[in-house]
Amino acid sequence: MPRALITGISGQDGSYLAELLVGKGYDVHGTVRNGLLNSPGMLPTFLRSLENSVTFHVGQLEEPENLAALLRCLECDECYHLAGPGTVDSDLLGDPAVFTATLRGTKALLGAIETGGNRCRLFFAGSSEMFGRAAYSPQDERTPFQPRSLYGLARLAGFHAVRQFRHRTAGFACTGILYNHESPRRRPSFLPRKVSIAVARIKIGTQARLALGNLAAVRDWGYAPDFVEAMWLMLQQSEPQDFIIATGRTHRVGELVELAFRTAGLDYRDYVNVDPQFFRPAEAVPLCGNFSSIAEATGWRSKKSFDEVITEMVMHDLTEQSSTASVGASAR
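First, a word on what this report is: a plain description of the structure on this page.

The rules we used
Residues numbered from 1 in each chain as written. Predicted model: local features only at pLDDT ≥ 70, side-chain atom pairs only at ≥ 80, totals over all residues. Heavy atoms only, no water. Salt bridge = Lys/Arg side-chain N within 4 Å of Asp/Glu carboxyl O. Helix = DSSP H or I, 4+ residues; strand = E, 2+ residues; numbered from the N terminus. Buried < 20%, exposed > 50% of the residue type's maximum accessible area, 1.4 Å probe, protein only. Polar contact = N/O pair within 3.5 Å; in protein donor to acceptor, adjacent residues only side chain to side chain. Contact = heavy atoms within 4.5 Å. Expected span 1.5 Å × (residues − 1). Phe/Tyr/Trp six-rings, centres within 6.5 Å; stacked < 30°, edge-to-face > 60°.

1. Some remarks on the pattern of salt bridges
- Per the stated rule, a full pass over the model turns up 16 salt bridges.
- A salt bridge links Glu65 to Arg104, with the shortest nitrogen-to-oxygen separation between them at 3.1 Å. With Glu65 in helix α4 (residues 64–74) and Arg104 in helix α5 (residues 96–115), this residue pair connects regions lying 39 residues apart in the sequence.
- A relative accessible area of 40% means that Arg104 is categorised as partly exposed.
- Among the salt bridges present, the one from Arg269 reaches Asp267, with a minimum N-O distance of 2.9 Å.
- Among the residues examined, Asp267 registers a relative accessible area of 28% and is labelled partly exposed.

Here it is as structure tokens:
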């Protein structure tokens, strides 16, 4: 039975990856913040279903030595380093602790793998934010990096740490450059989930309007369960390679909003305000990923369409928000 450690298992990607690995017969271990383990009721609902099949450990980026010690103790075959901040900053003025924790945590795990004889393979979660002001679109693995956010800079530092480790030790470590990927488990601080929750609340009458930024902005949006399959496939290859994980298709924010409201039988124009305070600096070219390299190496491609992803999120939140409203009404 192969053993895997997932840092940040309580997030969207970590939970879907855990389900995938459990289904493949892995002994799965995952790190969560201390507060989640001490208060089981704080665990997300989707994570509670894994309590009998996954072993949880306290571990966080701010304590890299503990992460490294855990990886050495477990003697894992694979490590998926997904832990990161809950939100993504839009410039270089964010909290520098994000940069420090990301780099130190990644280097600590790589060091633990090296002292363990390089038997463990590591996947590091990179980001399209590493490209920042991209020179052209779509981006591929040879596109120059020009991050314009502290988050993107932190992921780029981790990317270079992985490459340096690979070249210095010949160990198996690689980076997946992840473009936007969504699901009903996405945090509400990310735009698609913010929209799907708002649509559900407006539909049931607990919210009146939704304020958004630039509806003309475009993104390459995929589906989280598809993307974690790509992570797993990358660690099954004979040689480590860094790959872009994306759909290769872009959609406007306005398309997302229109589809989400239409799914609930509403017209977004009756409920949406465009507020300049939510505008991010516009990209000269769209962030859109060319996934042909990973497709050629592994056969992977994103399966669920943009329309299917957004529809699934809205239907999930309609059910969830209706249930919450019913419980609130009963309590009164």
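2. A closer look at the side chain of Thr169
- Looking at the element boundaries, Thr169 is found in helix α6 (residues 150–169).
- The class for Thr169 is buried, based on a relative accessible area of 17%.
- Within the structure, the side chain of Thr169 is placed 2.8 Å from the backbone oxygen of Phe165, a separation counted as a polar contact.
- Filtering out sequence-adjacent residues up to four positions away, Thr169 remains in contact with Glu114 and Asn118.

3. Re helix α1 (residues 12–23)
- The terminal C-alpha atoms of α1 lie 17 Å apart, and with twelve residues this matches the ideal 16 Å at 1.5 Å per residue to within 8%.
- Listing the buried residues of α1 in full gives Gln12, Asp13, Gly14, Ser15, Tyr16, Leu17, Ala18 and Leu21.
- At the exit of α1 stands Gly25, carrying a positive phi of roughly 90 degrees.

4. As for the packing of aromatic side chains
- Summed over all chains, the structure comprises eight aromatic pairs.
- Between Phe145 and Phe159 the ring centres are 5.2 Å apart and the planes differ by 65 degrees, which places this aromatic pair in the edge-to-face class. Of this pair, Phe145 sits in the loop between β5 (121–127) and α6 while Phe159 sits in helix α6, and the two are 14 residues apart along the sequence.
- Phe145 gets classed as partly exposed once you look at its relative accessible area, which sits at 24%.
- Given a relative accessible area of 1%, Phe159 falls into the buried group.

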